[in-house]
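Single-letter residue listing:
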Amino acid sequence: MSSEYILKMDQVTKEFPGVRALSNVSFKVKKGEIHGLCGENGAGKSTLMKILSGVYPHGEYQGTITMDGSELKNNSIHDAIDKGIAIVYQELALVPQMSVGENIYLGREPQNLGSINWNRLYANTSDILKKYNLDIPFYAKVSSLGVGKQQMVEIAKALSEDAKVLILDEPTSALTETEVETLMMILRNLKKKGVTCIYISHKLEEFFEITDTITVLRDGMVVDTVKTTNTNTEQVIAMMVGRKMTDRFPKAARKPKNTILEVKNLTVYDPDNPFKKKIDNVSFSIREGEILGISGLMGSGRSELVTTLFGEYGTKISGDIIIDGKNVKIKSARDAMRYGINLVPEDRKKMGLVLMQSILKNLSLPNIKQFSSIFHIDKHKELHECEKISKSISIKYSSLHDKTDSLSGGNQQKVVIAKWLLSLTKVLILDEPTRGIDVGAKYEIYKLMNELADNGVAIIMVSSELPEILGMSDRILIMCSGSCTGIIDRKEATQEEIMTYATGMKNYSNNGNHVNNI
Amino acid sequence: MFLKDISKRSARYISVNIRYLAMIFALILIWAFFAVATQGIFLKAQNLSNLFRQMTIISFLAIGMVLVIVTGNIDLSVGSVVGFISAIAAYLQAVTFSKYLPKMFPMLVGHVSILGIETTYVGLLSTGLTIVIALLVGILIGVIQGASIAYLGIPAFVVTLGGMLIFRGGVLGITQGKTVVPIENSLVYIAQGYLSNLGGIIVACIVIIAIFIIILWNRKQKKSYGFDINPIYKDLSIAGFFSLLVLFYVLYIANGYRGIQNPVLLLAIVAIIFSYVSTNTRFGRYCYALGGNKEATKLSGVNIRWNIFIVFVLMGLLSGIAGIVLTGYVAAGTIGGGLNYELSTIAACVIGGTSLMGGEGRISGALVGSLIIASLENGMSVMNMDIFWQYIVKGLVLILAVYIDVASNRKSWIEK
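If you're wondering where the values come from, they're calculated on a predicted model, not measured in any experiment.

Asker: Could you give an account of the overall build of chain B, naming the residues involved and the relevant values?
Answerer: A count of helices and strands for chain B gives 16 helices and two strands. Radius of gyration (C-alpha) of chain B: 23 Å, near the 22 Å computed for a compact globule of 416 residues. On the principal axes, the C-alpha backbone points of chain B span a range of 80 × 50 × 50 Å. Looking at chain B as a whole, 44% of its 416 residues are labelled buried. Summarising the internal contacts of chain B: among those between residues at least 6 apart in sequence, 81% fall at separations of at least 24.

Structure (structure tokens):
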């Protein structure tokens, strides 16, 4: 018996010892639609996906899932794939050393008497890529492709398995604006071909661009399923957080004081390619108590710029970095810290935290000198100070001796920021401070940034999200392929304006139309 | 909510401690098995005393190896380095110093007797110089290997695999394929001598007093910061338990035979210092942090190259100590000195809960691991088991130990 719905979840409940991750979740996905699924971290999205994909097999949860009219009983991940459910994960699951074709058919290589039939493998790959208009060479090594194309490979892989339902988990978190657009195009294309999609994301704008229906989860329960055309961002956010949030960004009246950091004609060459300028003649300054947003597309050199300021990028560097009126050389993170420049890196799990260690040890890592002589750490003082700082920014933990692994994304990010609150901080650089954390936690991070600015800290914030840049910055520096194309005031900035600079359509240095506070 | 908290806490407590409990349990099981299988010979003071002495050389190395593995590296050269240093020490004593020192210092050839050792002033001088040179050679090797790894960026596996071959070559070159003897009595005393019974009791008293002072001082510190403290009876019973262990060792094992073994005393001192360094100093903290996440540690302003360098220098120093003890222990320099020690050392660390992925491991664990290996070797020898069985059993125990570790970690999904 078939109906207009391809997938129905009915009263699905999943419990872990002591926690109810999902309670009585029911929702239906129409055939051929793009169904958005949103909710804060911990709302139950990943648990739901793990049930659909067979990570939690049938019997480990209560309730029924119906697919195409018959009950779905997955015993394993393999089972789910056979039944037509394919997931494109947030972290790409490809083997970078292998070709596109090899990756797509990994584990299902067409064989002749036990030897791989390469011609058929590549012919099939080529067919699939053509059928869905995916513009990737099927013989290319995956490592040679950009993140956006790699994701297409993942999608192609899912489609090659005859997926009836394609689940995309945070597909845009690592993509540039253009790549996002390409992805959206592909998804619309797939929709035309009748593929059903479940789309999970933190970026609400995308829901309104692409989805037909939105289901909002909160605390393991479905808040509502609504037609996208009948709702708006404010409503969805209100559903997610359970309260009406009048503003996603806390208001602050900032009064920047003296210039603390000045960068003049900074040029940095690519360490992997000594002839390529990664940062090209960038100059800017920032004052105490000011928030400078750095915007730009991925690969424009944003992260490289701030990592250079922190002393951990580039080998051939020219130009001046002036702190408090003194010209300084920063060659390592230690140098930067000595001058009061601190960095909250882009990827908190890989670069910000030692996940296997306790919250306490992470907090004290850059600050141990305060609690120790060469031969001794005063562990009591350490605990005392770290407890004080974590309470002051309300990190939620049951014990500071817990592993950082056990914290939610937002709390982990707070730990990375708190690491620097114990030490001398004149300039705090935040690289993508709210990536992958939920709306409520984002708001708290923003509040924290405002507080720091009020206390005279100069904040440099790199972000891919334009609303965040516009909502938080006093001034916005925009980069395009290594050079600074504009520095504009928040009052004059719009998303469109920033994008024209970021795509290099406009450049203050050659049309004289710049607002530069140096 | 409350229930969630309890289950989370107990899960955490169990997953942290299960490997240590399993290790202690395994040790007791092994001892019990050998006690029965050898009709009690295994548990006699004389045998246990020998067992503890046998474990010392691997234990010195395991102390350093824990730090090496925690930082995400490995040292395959320790066996050869120990052999090399031992050969140098033996050659210095048997050839160089015995030939030149009496000529240079003719006034020192007189006989002397201290601590019950019959020797000469020249002999004492020879031993002193040998110890200094052996330690310096160990440090130098650590400097060279550490610099190659930390500053030239050659993988530790490769550098120390090379070192393993180079220093084994060095052993053969120095000994010329022969056993180098004689060794001065004073050097032999370091590895084979015993403290008097009175000395043992004094040591026991000092250690027990220290345990109580540390625990009480810790309470006072916690109180001054307003932290929660354990009820006093709990802290006192912990102190009491460790005191009983010390008393059991000193009164039954050591004084029950010939007294505290010198190398065991030396090991205890070195182990306490390194344990302290690994848990209570910046250097130690940085080792664990960079083993857990090199990038994050670097971005926290830690000089990770320098840290890794120092770890290998310390490994060299400990190899030097182990080399001296080995020379005294066999009272000679031999071609086979230190052969396969790197494998036993790594096994001791792994059995003791050190993760080869880096970031995790305790020195105390490695010492228990080393004791387990020594117990197996000793017990099987006492049982007169064939040597081939000994290898097979040790291999199986190693794999089993890691399996327990893996299995106990898998449980920790509850925490997520």
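Having put the structure on the table, let's press on.
Asker: Outline the interface of chain A and chain B, listing residues and values.
Answerer: Contacts between the two partners involve 31 residues from chain A, matched on the other side by 28 residues from chain B. Mapped onto the side of chain A that touches chain B, the elements with two or more residues apiece are helix H10 (333-338), helix H11 (348-352), strand E20 (376-377) and helix H14 (379-392) of chain A. Grouping the amino acids of the side of chain A that touches chain B by side-chain chemistry returns 17 nonpolar, nine polar and five charged.

Asker: Hey, could you go over the domain arrangement of chain A for me, with residue numbers and the actual values?
Answerer: When its domains are assigned, chain A resolves into domain 1 (5-241) and domain 2 (259-511). Summarising the inter-unit geometry, the C-alpha centres of domain 1 of chain A and domain 2 of chain A are found 33 Å apart.

Asker: Quick one: what's the story with the sheet that holds strand E24 (residues 483-489) of chain A, residue by residue and with numbers?
Answerer: Residues and elements named next belong to chain A. If you trace the six strands from one edge of the open sheet to the other, you get E18-E21-E22-E15-E23-E24, paired in mixed fashion. Each of the sheet's edge strands pairs with one partner strand only, and the pair in question is strand E18 (341-344) and E24. Within this sheet the neighbouring strands show an average axis-to-axis angle of 20 degrees, counted without direction. In this structure, strand E21 (residues 427-431) lies alongside strand E22 (residues 458-462), joined through five bridges in parallel fashion. Pairing of Ile429 across the sheet is with Ile460, part of E22.

Asker: Explain the packing of helix H2 (residues 45-54) of chain B against helix H9 (residues 232-254) of chain B to me, using residue names and the numbers behind them.
Answerer: Residue and element names in this part refer to chain B. Closest axis-to-axis distance for the H2/H9 pair is 8 Å, and the angle between their directions is 120 degrees. The residues of H9 that touch H2, namely those facing Ala45, Leu48, Ser49 and Phe52, are Tyr252, Ile253 and Ala254. Here the contact of H2 with H9 is composed, by residue class, of six nonpolar, one polar and no charged.

Asker: Tell me about the nonpolar core, and name the residues and values.
Answerer: Ile429 and Ile459 of chain A together with Phe60, Leu61, Ala62 and Val66 of chain B are the most contacted members of the largest nonpolar core, which has 176 residues in total. At 15 residues, the largest contribution of residues to this core is made by helix H13 (residues 304-330) of chain B. Contacts of Leu61 of chain B, omitting those with residues within four sequence positions, involve Val78, Val82, Leu318, Ser319, Ala322, Tyr341 and Thr345 of chain B. Counting residues in each nonpolar core, the second largest holds 64 residues, with Val29, Tyr61, Ala156 and Ile200 of chain A among its members.

Asker: Give me the lowdown on the sheet that holds strand E14 (residues 273-287) of chain A, citing residues and values where you can.
Answerer: Each strand in a sheet pairs with its neighbour through backbone hydrogen bonds, running either in the same direction (parallel) or in the opposite one (antiparallel). Residue and element names in this part refer to chain A. With antiparallel pairing, four strands are arranged side by side in an open sheet as E14-E13-E16-E17. On the outer flanks of this sheet lie E14 and strand E17 (326-328), each paired with one strand and no other. Direction aside, neighbouring strands of the sheet carry axes that sit 20 degrees apart on average. Of the strand pairs in this sheet, strand E16 (residues 317-323) and E17 are connected by three bridges, and their pairing is antiparallel. Across the sheet, the residue bridging to Ile323 is Lys326, located in E17. Together, strand E13 (259-270), E14 and E16 form the strand contacts of helix H9 (residues 302-309), whose direction differs from that of E14 by roughly 70 degrees.

Asker: Lay out the pairing of strand E15 (residues 291-296) of chain A with the relevant residues and their values.
Answerer: Residue and element names in this part refer to chain A. Of all six residues that make up E15, six are buried, and the element is covered over most of its length. Side-chain alternation along E15 places Ile291, Gly293 and Ser295 on one buried face and Leu292, Ile294 and Gly296 on a second face that is also buried. Bridge count for E15 against E22 is four bridges, and the pairing is parallel. Considered in E22, the bridge of Gly293 is made with Met461. Note: E15 against strand E23 (residues 475-480), five bridges, orientation parallel. Its bridge partner lying in E23, Gly293 is registered against Ile476.

Asker: For the packing of helix H4 (residues 78-104) of chain B against H13 of chain B, give the residues involved together with the corresponding values.
Answerer: All names here are of chain B. Interhelical geometry of H4 versus H13 gives an angle of 55 degrees and a closest axis separation of 8 Å. The orientation of H4 relative to H13 falls into the category oblique. Our pair here, H4 against H13, has a crossing hand that is right-handed. Note on element contacts: H13 touches H4 through Met315, Ser319, Gly320, Ala322, Gly323, Ile324, Leu326 and Thr327, opposite Val78, Val81, Val82, Ile85, Ser86, Ala89 and Ala90. Across the contact of H4 with H13, the residue classes tally to 10 nonpolar, five polar and no charged.

Asker: How would you sum up the confidence of the model for chain A? Please name residues and give values.
Answerer: Scored by pLDDT, chain A comes out at a mean of 85, with 94% of its residues at no less than 70. Across residues 510-518 of chain A, confidence stays below pLDDT 50; counting only partners more than four residues off in sequence or on other chains, it has 16 contacts.

Asker: Which residues make up helix H15 (residues 363-382) of chain B, and what values go with them?
Answerer: When the terminal C-alpha atoms of H15 of chain B are compared, their 28 Å separation across 20 residues agrees well with the 28 Å that a helix rising 1.5 Å per residue should span. Most of H15 of chain B is tucked away: 15 of the 20 residues are buried.

Asker: Mind laying out the domain arrangement of chain B, listing which residues take part and the relevant values?
Answerer: Splitting chain B by domain gives domain 1 (56-193 + 261-339) and domain 2 (194-259). Placing a centre on the C-alpha atoms of domain 1 of chain B and another on those of domain 2 of chain B gives a separation of 30 Å.

Asker: Can you lay out the environment of Leu326 of chain B for me, pointing to particular residues and giving the numbers?
Answerer: All names here are of chain B. When you line up the elements, Leu326 lands in helix H13. By the C-beta count within 10 Å, which is 28 here, Leu326 ends up buried. Sequence-wise, Leu326 and Ala90 are 236 residues apart; in three dimensions their C-alpha atoms are separated by 10 Å. Aside from chain neighbours lying at most four places away, what touches Leu326 is Ile57, Val82, Ser86, Gly337 and Gly338.

Asker: Residues and numbers for the pairing of E18 of chain A, please.
Answerer: Residue and element names in this part refer to chain A. What you see with E18 is no split at all: Ile341 and Leu343 on one side and Asn342 and Val344 on the other are buried throughout. Bridge count between E18 and E21: four bridges; the pairing is parallel. Considered in E21, the bridge of Asn342 is made with Leu428.

Asker: Requested: an account of unusual backbone geometry, with residues and values cited.
Answerer: Note on backbone geometry: most residues besides glycine have negative phi, and most peptide bonds are trans. Residue and element names in this part refer to chain B. With an omega of 0 degrees, the peptide bond between Val181 and Pro182 qualifies as cis. Relative to the helices and strands, Pro182 resides in the loop between helix H6 (156-175) and helix H7 (185-192). Of note, the phi angle at Gln176 is positive, near 55 degrees, even though the residue is not glycine. With 10 C-beta atoms counted inside 10 Å, the residue Gln176 sits in the exposed group. A positive phi is found at Asn384, a non-glycine position, where the angle reads about 60 degrees. Within the secondary structure layout, Asn384 lies in the loop between H15 and helix H16 (387-410).

Reading the values: the criteria
Residues numbered from 1 in each chain as written. Chains lettered and ligands numbered in written order. Predicted model: local features only at pLDDT ≥ 70, side-chain atom pairs only at ≥ 80, totals over all residues. Helix = DSSP H or I, 4+ residues; strand = E, 2+ residues; numbered from the N terminus. Rg over C-alpha atoms; globule rule 2.2 N^0.38 Å. Buried ≥ 20, exposed ≤ 12 C-beta atoms within 10 Å, placed from the backbone. Contact = placed C-beta atoms within 7 Å. Nonpolar A, V, L, I, M, F, W, Y, C, P; charged D, E, K, R; others polar. Domains from an automatic or database assignment. Pairing = 2+ DSSP bridges. Axes fitted to C-alpha atoms, helices over the stretch in contact; angles between N-to-C directions. Core = buried A, V, L, I, M, F, W, Y, C linked by C-beta atoms within 7 Å. Parallel < 35°, antiparallel > 145°, perpendicular 65-115°, else oblique. Left-handed = near helix turned anticlockwise from the far one by under 90°. pLDDT = per-residue confidence, 0-100. Expected span 1.5 Å × (residues − 1).

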